[in-house]
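Chain by chain, the residues run as shown.
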Amino acid sequence: MAGRIPEQFIEELIARVDIVDVIDSFVPLRKGGRDYVACCPFHNEKSPSFTVSREKQFFHCFGCGAHGTAIGFLMDYDHMDFVEAVHELASRAGMQVPVDQGRQATTALSLDLYQLLGDVAQFYRRQLKEHPQSQRVIEYLKQRGLSGGTAGDYGIGFAPPGWDTLSQVFAPSQGGGASKTLTKGLIDAGLLIEKSLADGGQGRSYDRFRDRVMFPIRDTRGRVIGFGGRVLGDDSPKYLNSPETAVFHKGRELYGLYEARKSNRKLDRLLVVEGYMDVVMLAEHNIRYAVATLGTATTAEHLERMFRQVPEVVFCFDGDRAGREAAWRALENALPVIGQGRQARFMFLPDGEDPDSLVRQEQQNGFEKRMANAVPLSTFFFDALAERVDLQSIDGYARLVEMARPLLVKMQTGVFKQEIISRLAERTSMTAQDLMRELAGGTGAGHARHQPQVRRSTKANQPSLVRIAITLLLHYPALAQQAGELPLLRELDRPGVGLLVELLELLAERPHLTGAALLERWRDREEGRYLSQLAMQEVLLEGQEGAGREFIAALGKLRDLAKARRLEVLRAKSQSTAGLTDDEKSELKQLHGGV
Ligand SMILES: [Zn+2]
C-alpha cells in the first residue's frame with residue numbers, strides 16, 4: 001500500500017512536519033523534561049504516561065504501549081489509513097503528494113480525475129431532476145420506499161440513455177471531433193469505454209453507464225472516485241461498477257463508509273451487506289452504519305480499514321448455500337486481522353429475504369434485534385467446520401484438527417486464538433496442550449522444530465550486540481557514518497545481522513534519514529514491528545557521544561566474531577583436499593594480522 005507514494009516523499013514529509021505540533025492539535029501537550037506529555041488518548045488514565053519526543057519524532061505511551069510516528073498517530077487517533085494520513089500531513093506542510101507513475105496517471109491528471117468525477121456525479125444528480133425520462137427512476141425509487149432526503153445524502157443520480165451523453169456535456173466538440181484531452185480524462189475516470197480497432201475504430205468511445213440509477217462511490221474524504229449503476233428494467237448486468245482506475249481500487253473501497261462516518265463520527269460497529277441498494281435502504285430506516293464491497297469479496301484490506309474505525313464488524317449474508325460460502329471466505333480473510341479489541345460476527349438472513357425487504361418488514365428495531373443475535377466468528381468457525389466432517393466417524397476429530405490447522409496458523413497469537421484453540425480442544429476431547437502439540441506437528445514439523453531454537457538464542461536476557469547496534473542506529477542514525485566496512489559483517493550468521501546491514505547500507509546512501517523515516521520505510525515489513533519496539537526503548541547514554549562509543553564497541557565485537565568465524569572456515573578449507581585459492585590465502589594472512 002505504501003508503494004503507491006514514493007518512499008522519498010514519505011521521508012521528506014516526516015522531516016518536514018513536527019510530530020509535537022501534529023499531536024498537540026488533537027491532544028494538548030505540555031513540556032515534561034526533554035519530551036512532551038499528556039494523558040494518553042488511547043487508554044484511560046489519570047496521570048500522563050503518553051510521551052512525545054521532538055528529537056526522535058516518535059510518540060510512545062508507557063501505559064498501553066501505543067507508539068509510532070506522526071503518520072501512525074493520525075492512523076490510530078483519527079482512524080485514517082496510511083494514504084489518508086500522508087495526504088493530511090502533506091496538506092498541513094503545504095506539500096503536494098506525488099502519484100506513482102506505475103499507475104499511468106501523472107499528478108496533474110489524477111487531481112483532475114477527482115474534479116471530473118465530482119462534476120459528473122453532480123450532472124447525474126441534476127438529470128434525476130431534469131431529464132425528460134427521469135420520472136421512471138423517481139417512480140422506481142419511490143416504490144422501493146426511498147425518500148428524497150436519503151437519496152440526497154447518498155448523492156443518487158440518473159445516467160440517461162444514449163451512447164454519448166458525457167462526451168457531449170464534458171468534452172464538447174471543437175471543430176472536428178470531441179476534445180481529445182477531455183475525452184481521455186473521461187476514459188481514465190472509467191466513465192467512457194474506448195472502442196478497440198476491431199470494434200470499428202480507434203479514438204471512438206461511448207458512455208459506460210446508460211439508463212441506470214447511479215450511486216457515487218466516495219472515498220473517506222468524500223471525494224467521488226467511482227460509480228455503481230443499477231439497471232431500471234431487466235437488462236444485464238443488473239449492477240455495473242466503475243473499472244479500476246488511478247483513483248478507484250475495488251479491493252480497498254467500501255460503499256457507504258464515508259456516509260456512515262459522516263452521520264456518526266463515533267461509530268461502534270459496521271454492518272457489511274451485499275449491494276448499494278441495501279446500504280441505502282438500511283439508511284432510510286435509520287441504520288446508518290452499513291457498507292458494501294464493490295462486486296468483490298471482503299478483502300483483508302477492507303477489514304483492516306473497517307477495524308481501524310470500529311471494534312466490531314457484523315457481516316450480513318443470505319442464508320442459502322452461496323451466502324454461507326461467501327461468509328466462509330470473509331471469515332478466512334478476517335482471521336489474520338482479528339484479535340484483541342476486534343470482533344467479527346455473522347448474521348444470516350431467512351430464505352428469500354435481503355436486508356432491504358427485511359428492514360421494511362421489521363423496521364430498525366426488528367433488524368437490530370436480529371443483528372444482536374448474529375453468531376460470533378468463533379461459533380461460525382466451528383459450525384462450518386463441523387458441517388464438513390463427520391464427527392461420529394473414527395477419524396472425524398483428526399480431520400477437524402487437520403482442517404483447523406491452516407486457519408489457526410493465519411491468526412495472531414493472543415487471547416482470541418487461545419480461545420479458539422481451547423474450544424477446538426473441547427470439541428475434540430483433547431487437552432489444550434495435546435492439541436497444541438498436534439497442531440505444531442504434522443506437515444508443519446520443520447517449522448515447529450525451528451522456532452524454539454531462535455527463542456533460546458536470546459535467553460540470557462541481555463540485549464544482543466546486533467540489537468544494541470540497531471537500537472542505537474534508530475536513535476542516532478548519523479552513527480552509521482562510523483560503521484566502517486560492511487562485507488565481513490554480512491558473513492556473520494546471527495539473528496538480525498541482515499537487518500543491521502540493510503540499515504547501515506541505506507543510511508550510507510541516505511545519511512539524513514531520521515529514525516522516524518526508517519520506521520516508515522519498514523512499515524509494511526515484518527521487521528517493522530521489531531524496529532518500532534527498539535525505537536521506543538530509552539537509551540541511557542550521555543547523548544550522541546556516549547552512544548557513538550557504545551555503537552563502535554558493538555560493531556567492533558561483531559566484526560571480531562565475524563573474523564573468527566571466517567578464520568575457522570578458511571582453516572578448515574586449507575586442511576581439506578580442496579585447499580585455498582590464492583585470494584583466500586592472502587585473506588587468511590590478513591585475518592591473522594587482525595586477530
Ligand atoms: Zn496509552
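Residues numbered from 1 in each chain as written. Predicted model: local features only at pLDDT ≥ 70, side-chain atom pairs only at ≥ 80, totals over all residues. Heavy atoms only, no water.

### Regarding the overall build of the chain
Point 1. What the chain contains, in helices and strands, is 26 helices and 16 strands.
Point 2. Burial analysis of the chain (595 residues in total) assigns 47% to the buried set.
Point 3. Residue pairs at least 24 apart in sequence account for 65% of intrachain contacts in the chain once pairs closer than 6 positions are excluded.
Point 4. For the chain, the accessible surface area stands at approximately 30200 Å², while carbon and sulfur atoms represent 48% of it. (Helix = DSSP H or I, 4+ residues; strand = E, 2+ residues; numbered from the N terminus. Buried < 20%, exposed > 50% of the residue type's maximum accessible area, 1.4 Å probe, protein only. Contact = heavy atoms within 4.5 Å. Areas by Shrake-Rupley, 256 points an atom, 1.4 Å probe, with all protein chains shown as cover.)

### With respect to helix α3 (residues 70–77)
Point 1. Most of α3 is tucked away, with six of its eight residues classed as buried.
Point 2. All buried positions along α3 are accounted for by Ala70, Ile71, Gly72, Phe73, Leu74 and Met75.
Point 3. Following α3 by one or two positions, His79 has its phi on the positive side, about 55°.

### What to know about the packing of aromatic side chains
Point 1. Scanning the entire structure with this criterion turns up 28 aromatic pairs.
Point 2. For the ring pair Phe50 and Phe59, a centre distance of 5.6 Å and an interplane angle of 40° mean the geometry is tilted. Both residues of the pair, Phe50 and Phe59, belong to the buried class.
Point 3. Three or more aromatic residues link up through ring pairs in this structure, and these residues are Phe315, Phe317, Trp328, Phe346, Phe348, Phe380, Phe381 and Phe382. (Phe/Tyr/Trp six-rings, centres within 6.5 Å; stacked < 30°, edge-to-face > 60°.)

### Focus on the sheet that holds strand β15 (residues 343–349)
Point 1. Taken together, the five strands give an open sheet; going across it, the order is β13-β12-β14-β15-β16, and neighbouring strands pair in mixed fashion. The strands lining the two open edges of the sheet, one partner per strand, are β13 (290–292) and β16 (375–376).
Point 2. When strand β12 (residues 269–273) meets β13, the two strands line up parallel, connected through three bridges. Looking at β13, one finds that Leu271 is bridged to Ala290.
Point 3. In the packing of helix α11 (residues 276–284) onto the sheet, contacts are made with β12 and β13, and the angle to β13 comes to roughly 170°.
Point 4. Across the sheet, helix α12 (residues 300–309) is in contact with β12, β13, β14 (312–318) and β15; its angle to β14 comes to roughly 135°. (Pairing = 2+ DSSP bridges. Axes fitted to C-alpha atoms, helices over the stretch in contact; angles between N-to-C directions.)

### Quick notes on the pattern of salt bridges
Point 1. What the rule picks out here adds up to 34 salt bridges.
Point 2. A salt bridge links Glu55 to Arg34, with the shortest nitrogen-to-oxygen separation between them at 3.3 Å. In this pair, Glu55 is assigned in the loop between β3 (50–53) and β4 (58–61) and Arg34 in the loop between β1 (30–32) and β2 (35–38), connecting sequence segments 21 residues apart.
Point 3. Asp81 serves as the salt-bridge partner of Arg305, at 2.7 Å between the closest nitrogen and oxygen. Taken together, the residues Arg305 in helix α12 and Asp81 in the loop between α3 and α4 (82–93) connect sequence positions 224 residues apart.
Point 4. Look at Asp81 and you get buried, because its relative accessible area is 3%.
Point 5. Among the ionic contacts, a cluster of salt bridges with common partners joins Asp81, Glu84, Arg252, Glu253, Glu301 and Arg305. (Salt bridge = Lys/Arg side-chain N within 4 Å of Asp/Glu carboxyl O.)

### Examining the nonpolar core
Point 1. Tyr124, Leu191, Phe227, Tyr255 and Leu271 are the most contacted members of the largest nonpolar core, which has 106 residues in total.
Point 2. Examining the composition of this core, we find that nine residues originate from one element, helix α5 (residues 107–130), more than from any other.
Point 3. When residues of this core are sorted by domain, at least three fall in each of domain 2 (105–241) and domain 3 (257–382).
Point 4. Of all hydrophobic cores here, the second largest spans 73 residues; its members include Ile14, Val52, Leu518 and Leu519. (Core = buried A, V, L, I, M, F, W, Y, C linked by side-chain atoms within 4.5 Å. Domains from an automatic or database assignment.)

### Some points on the pairing of strand β9 (residues 212–218)
Point 1. Counting buried positions along β9 gives seven out of seven residues, so the element sits mostly inside the fold.
Point 2. The two faces of β9 match: Arg212, Met214, Pro216 and Arg218 on one face and Val213, Phe215 and Ile217 on the other face are all buried.
Point 3. Relative to β9, strand β6 (residues 157–159) runs antiparallel, the two being bridged by three bridges. When the sheet's bridge partners are listed, Phe158 is paired in β9 with Val213.
Point 4. Summarising the sheet, β9 and strand β10 (residues 224–231) pair through seven bridges and their orientation is antiparallel. When the sheet's bridge partners are listed, Arg218 is paired in β10 with Val224.
Point 5. Joining the antiparallel neighbours β9 and β10 is a turn of five residues, in which Gly222 adopts a positive phi near 90°.

### Considering the packing of helix α16 (residues 396–410) against helix α17 (residues 415–427)
Point 1. Running from N to C, α16 and α17 point in directions that differ by 170°, and their axes come no closer than 11 Å. By the criterion of interaxial angle, the relationship of α16 to α17 is roughly antiparallel. Residues Tyr397, Leu400, Ala404 and Leu408 of α16 lie in contact with α17, whose contacting residues are Lys417, Ile420, Ile421, Leu424 and Arg427.
Point 2. Of the residues belonging to the contact of α16 with α17, the class tally is seven nonpolar, no polar and two charged. (Parallel < 35°, antiparallel > 145°, perpendicular 65-115°, else oblique. Nonpolar A, V, L, I, M, F, W, Y, C, P; charged D, E, K, R; others polar.)

### As for the sheet that holds β6
Point 1. Taken together, four strands build an open sheet; the order of strands is β6-β9-β10-β11 and the sheet is antiparallel. Among the strands making up the open sheet, the edge pair consists of β6 and β11 (239–241). Direction aside, the axes of adjacent strands within the sheet are offset by 35° on average.

### What to know about unusual backbone geometry
A negative phi angle is the norm for most residues apart from glycine, just as the trans form is the norm for most peptide bonds.
Point 1. A positive phi angle, close to 60°, is found at Gln57, a residue other than glycine.
Point 2. Among the secondary structure elements, Gln57 is positioned in the loop between β3 and β4.
Point 3. For Gln57, a relative accessible area of 13% corresponds to the buried category.
Point 4. For Asp211, which is not glycine, the phi dihedral falls at a positive 50°.

### Some remarks on α17
Point 1. Spanning 13 residues, α17 covers 18 Å between terminal C-alpha atoms, matching the ideal 18 Å at 1.5 Å per step.
Point 2. Residues of α17 that are buried include every one of Phe416, Lys417, Ile420, Ile421, Leu424 and Ala425, and no others. (Expected span 1.5 Å × (residues − 1).)

### Details of the state of the cysteines
Cysteine pairs can be covalently joined through their sulfur atoms, and such a bond is termed a disulfide.
Point 1. Per the counting criterion, the structure on display carries zero disulfides.
Point 2. There is no disulfide at Cys39, and the cysteine sulfur nearest it, in Cys40, is 8.7 Å away.
Point 3. Overall, the relative accessible area of 34% leaves Cys39 in the partly exposed class. (Disulfide = S-S within 2.5 Å.)

Geometric values such as these leave the question of function open.
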